[in-house]
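Commentary on secondary and tertiary structure
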Amino acid sequence: LMPFVESHYRVIADKGHRAIGGLSMGGGGSFMYGITHPELFSSVYAISGAVPSSLNATEEERSPFSREFNIDELSEAQIAEIKTVNFVLDCGDDDFLFDANVACYQSMKKAELTCEFRSRNGSHATYYWYGGLGYALAWFTRHFSEQCK
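Residues numbered from 1 in each chain as written. Predicted model: local features only at pLDDT ≥ 70, side-chain atom pairs only at ≥ 80, totals over all residues. Heavy atoms only, no water.

**Overview of the overall build of the protein chain**
Scanning the protein chain for helices and strands turns up five helices and four strands. Mapped from its N terminus to its C terminus, the protein chain presents α and β elements in the order α-β-α-β-α-β-α-β-α. Within the protein chain, buried positions represent 40% of all 149 residues. When contacts within the protein chain are restricted to residue pairs at least 6 apart in sequence, those whose partners lie at least 24 apart make up 67%. (Helix = DSSP H or I, 4+ residues; strand = E, 2+ residues; numbered from the N terminus. Buried < 20%, exposed > 50% of the residue type's maximum accessible area, 1.4 Å probe, protein only. Contact = heavy atoms within 4.5 Å.)

**Re the pattern of salt bridges**
Counting across every chain of the model gives four salt bridges. Residue Glu6 pairs with Arg18 through a salt bridge whose shortest N-O separation is 2.6 Å. Here Arg18 lies in the loop between helix H1 (2–8) and strand S1 (19–23) and Glu6 lies in helix H1, a separation of 12 residues in the sequence. Assessed through its relative accessible area of 27%, Glu6 is described here as partly exposed. Residue classification places Arg18 among the buried positions, given a relative accessible area of 13%. Here Arg118 and Glu116 are joined by a salt bridge, their closest N and O atoms 2.3 Å apart. Owing to a relative accessible area of 28%, Glu116 belongs among the partly exposed residues under this scheme. (Salt bridge = Lys/Arg side-chain N within 4 Å of Asp/Glu carboxyl O.)

**A look at the sheet that holds strand S3 (residues 86–90)**
One open sheet holds the four strands; their spatial order is S1-S2-S3-S4, and the pairing between them is parallel. In the strand order of this sheet, the two ends are held by S1 and strand S4 (114–118), each with one partner. Strand-to-strand twist of the sheet, defined as the mean angle between neighbouring strand axes without regard to direction, takes the value 10 degrees. Bridging between S3 and S4 involves five bridges; their strand directions are parallel. Bridging from a neighbouring strand, Asn86 pairs with Thr114 of S4. Helix H2 (residues 25–36) contacts S1, strand S2 (43–47) and S3 of the sheet and is inclined by roughly 150 degrees relative to S1. Across the sheet, helix H5 (residues 126–147) lies against S1, S2, S3 and S4, angled at about 170 degrees from S2, the strand it touches most. (Pairing = 2+ DSSP bridges. Axes fitted to C-alpha atoms, helices over the stretch in contact; angles between N-to-C directions.)

**Remarks on a nonpolar patch on the surface**
Together, Phe4, Tyr9 and Val11 make up an exposed nonpolar region whose accessible area comes to about 310 Å². Position of Tyr9 among the secondary structure elements: in the loop between H1 and S1. (Patch = residues over 30% accessible without salt bridge, like charges linked within 9 Å, V, L, I, M, F, W, Y side chains within 5 Å. Areas by Shrake-Rupley, 256 points an atom, 1.4 Å probe, with all protein chains shown as cover.)

**Overview of the nonpolar core**
By size, the foremost hydrophobic cluster in this structure holds 17 residues, and its most contacted members are Phe31, Ile35, Phe87, Leu89, Cys104, Met108 and Leu113. Sorting elements by how many residues they give to this core places H2 first, with three residues. By size, the runner-up hydrophobic cluster in this structure holds eight residues, among which are Ile47, Val88, Ala136 and Phe140. (Core = buried A, V, L, I, M, F, W, Y, C linked by side-chain atoms within 4.5 Å.)

Spatial relationships are all this shows, so hold off on functional conclusions.
What follows is the structure in structure tokens.
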């Protein structure tokens, strides 16, 4: 998708001007793309994301909706690259994925990764996501404007 977009539209085709975000499973996928391909994206915004509950989760601790990711298996160079990506985890306080998002956020902070956590009143539902999209677009816009300085 990125080569098509970058060859057919007027975009700034570099990491500093690429972001990825999504809702629910798409949020989890966006999160994993940001973690596993930090060379491609400067920012990730996962809304109600099916994220790993811990970045060093054991088989029994991990979320059933996302693949396992063990930060302890990464090299220092890989971790340094992930630190160049800004993450936001945004999850409603009544969402069934809330605990996994909190645990993932805490794990990211412990690993000294750049991450913010947002939560508002809401569950795993479209009304929460519609509100979250506005926050995500404003955050991406602010992030991209900082890249242009």
